[in-house]
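Each chain is listed here by its residues.
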Amino acid sequence: MSTLHEECGVFGVFSQTRRPVAALTYYGLFALQHRGQESCGIVVGDDGLFRDHKDVGLVGQVFSPAVLNDLGSGTMAVGHVRYSTTGGDGRLNAQPIVVNHNKGRMALAHNGNLTNAYELRTQLEMTGSIFHTTSDTEVISYIITKERLTAPSIERAVDRAMDTLQGAYSLVIMSPAKLLAARDPFGLRPLCYGVTEDGTYVVASESCALDAVGAKFVRDVMPGEILVFEQEGVRSLSRHCGTRPHSVCVFEYLYFARPDSIIDGASVHAARLQAGRFLAQEHPVEADVVIGVPDSGLDAAMGYAEASGIPYRMGFIKNKYIARTFIQPDQSDRESKVKLKLNPIQAVVKDKRVVLVDDSIVRGTTSGQIVHLLRLAGAKEVHMMSSAPAFLNPCYYGVDVDSKENLIAVKYSVEEIARHIGADSLGYLSVEHACQIAVSGNAGGFCTACFSGEYPAGVPKYDRKSRFEQKLSERQKEEDEAQ
């Protein structure tokens, strides 16, 4: 149960006939809710007319039956669930973004983080562009719109824009007549598509969202690829494919994605089982029981138990009505909700030597509280195992780790961290084994920058999450002083 934040989740629908696409998108976003819990939105395309609704909150809170009825039917829709990695978390930055320009309208949903957003925004502002949000998604929309002025089609505009955009981005874009899916050349963030029995195409960040709406998985969008969904079928633009090494975020497999998803052909569940097996090889201990921290630590705990021969048991009951602790923006809120969210099963851990498997350790606060709960329940020993390597570096590609100052592994040794969280021992998965967890599929390369410091897509010059808010504040200050 990490204190990391998800990036975002995107969803798109294209149908050759008019149908209730708002409801379909609603169900898809529900399946992607784990990827972002700050805000969400849906834009419906109906014969060139766009209807949209977005707000702060969970999918079930933002979209009432009345709202979905107002959004109604159409041939296309774009949806988004958000956790902010650039820009604030208010309604202003909720997505999808809708743009009006002289070549038509466009709705855009984005998962990822640009590394050159600040420079691009500055260039655009110097040529007269006026920004209404503080997210890098609006930068992407302006770049595409600028290219669309001279490009023969929306897909060619996106293709040209990809020459300029740097960093991580999986996009779903809706024009009056087409739906587009685009993935950055490194493939840092996942994106896939499927088709329903009636021929409706569905695009999503994860395959679990396809399952939720009854769509059969077709394939992943390739790194650098643009898919065009239109009345004639599906087309692929591949000019950017193969131009960069495949570098999907390894933490998608370790934590972010749902275990029932398939990313780049590899099962997330199988990858986590393998991570647990590797942990047992690297950090064997004598213990009586293996337990996992719900939910993303459970699969790795099973793998550890399988490889070690130590029995696996359910060690915690999770209160399913409490939101995920990592998503709480205030640290004190996050800490107080750990006890509400998890309760150890005393009969499983009392007087036992316990192997406790979690997906990661970031600040150490939550891990310390969980270990303490096990001690209170009577555990004789607690051996903490992290199915992710130690976090040593910030992430610039869509995970909310923007500085080293709060990363416990930067400050302390493994032994010191074990003492800090109250564990008898501590083991991290090695970076080498983390790169080997996808035991099937096409995931040939991973981004491990947050563990290794090797950034495949470069690093931003300005790296603060609130850099655009700060920029606006500085500009206002200059204007006030001038007056």
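Coordinates for the structure precede this section.
Residues numbered from 1 in each chain as written. Predicted model: local features only at pLDDT ≥ 70, side-chain atom pairs only at ≥ 80, totals over all residues. Heavy atoms only, no water.

On to the sheet that holds strand β17 (residues 289–292), then. Strands sit in the order β17-β20-β21-β22 across an open sheet of four strands; the sheet is parallel. Of all the strands in the sheet, just β17 and β22 (425–428) have a single pairing partner and so form its edges. Pairs of neighbouring strands in the sheet enclose a mean axial angle of 20°, with direction left out of account. Summarising the sheet, strand β21 (residues 381–386) and β22 pair through four bridges and their orientation is parallel. (Pairing = 2+ DSSP bridges. Helix = DSSP H or I, 4+ residues; strand = E, 2+ residues; numbered from the N terminus. Axes fitted to C-alpha atoms, helices over the stretch in contact; angles between N-to-C directions.)

Restricting attention to buried positions, one finds in helix α15 (residues 414–421) the residues I417, A418 and I421. The arc that holds every buried residue of α15, seen down its axis, measures 105°, which confines them to one face. Structural note: α15 exposes E415 and R419 on the side pointing more than 90 degrees away from its buried face. Packing partners of the buried residues in α15 comprise α13 (365–376), β21, α14 (408–411) and β22. Once α15 finishes, G422 follows within two positions and takes phi at roughly 85°, a positive value. (Buried < 20%, exposed > 50% of the residue type's maximum accessible area, 1.4 Å probe, protein only. Arc of directions from axis to C-beta. Contact = heavy atoms within 4.5 Å.)

Our next topic: the packing of aromatic side chains. All chains considered together, the criterion is met by 16 aromatic pairs. Judged by centre distance (4.9 Å) and plane angle (65°), the ring pair of F391 and F451 falls under edge-to-face. Of this pair, F391 sits in the loop between β21 and α14 while F451 sits in helix α17 (residues 449–452), and the two are 60 residues apart along the sequence. Each member of the pair, F391 as well as F451, is classed as buried. (Phe/Tyr/Trp six-rings, centres within 6.5 Å; stacked < 30°, edge-to-face > 60°.)

Moving on, we get to the packing of helix α9 (residues 268–282) against helix α10 (residues 298–308). The geometry of α9 relative to α10 is characterised by a closest axis approach of 6 Å and an angle of 45° between their N-to-C directions. Comparing the axis directions of α9 and α10 gives the class oblique. Relative to α10, α9 is oriented so that their crossing is right-handed. Residue-level contacts link H269, R272, L273, G276, R277, L279 and A280 of α9 to D299, A300, M302, G303, Y304, E306, A307 and S308 of α10. Here the contact of α9 with α10 is built from residues that sort into seven nonpolar, four polar and four charged. (Parallel < 35°, antiparallel > 145°, perpendicular 65-115°, else oblique. Left-handed = near helix turned anticlockwise from the far one by under 90°. Nonpolar A, V, L, I, M, F, W, Y, C, P; charged D, E, K, R; others polar.)

A few words on the pattern of salt bridges. Applying the stated criterion across every chain, the model contains 20 salt bridges. The partner of R239 in a salt bridge is D163, and the shortest N-O contact between them spans 2.9 Å. Note that R239 is positioned in the loop between β13 (233–237) and β14 (248–249) and D163 in the loop between α6 (154–161) and β7 (167–174), a separation of 76 residues in sequence. Since its relative accessible area comes to 47%, R239 is described here as partly exposed. Across the salt bridge formed by R219 and E225, the nearest N and O atoms sit 2.7 Å from each other. Exposure remark for R219: the relative accessible area of 27% places this residue in the partly exposed category. A relative accessible area of 0% means that E225 is categorised as buried. Sharing partners across several salt bridges, the network here consists of R35, R189, E206 and E252. (Salt bridge = Lys/Arg side-chain N within 4 Å of Asp/Glu carboxyl O.)

For a regular strand, the rule is simple: side chains alternate between the two faces of the sheet. For strand β2 (residues 39–46), a buried count of eight out of eight residues is recorded, marking the element as mostly surrounded by other parts of the structure. Here β2 shows two buried faces, one formed by S39, G41, V43 and G45 and the other by C40, I42, V44 and D46. For β2 and strand β3 (residues 49–56), the ladder comprises eight bridges, and the chain directions are antiparallel. Its bridge partner lying in β3, G41 is registered against K54. In this structure, the hairpin formed by β2 and β3 is closed by a connection of two residues, where D47 is found at a positive phi of approximately 55°.

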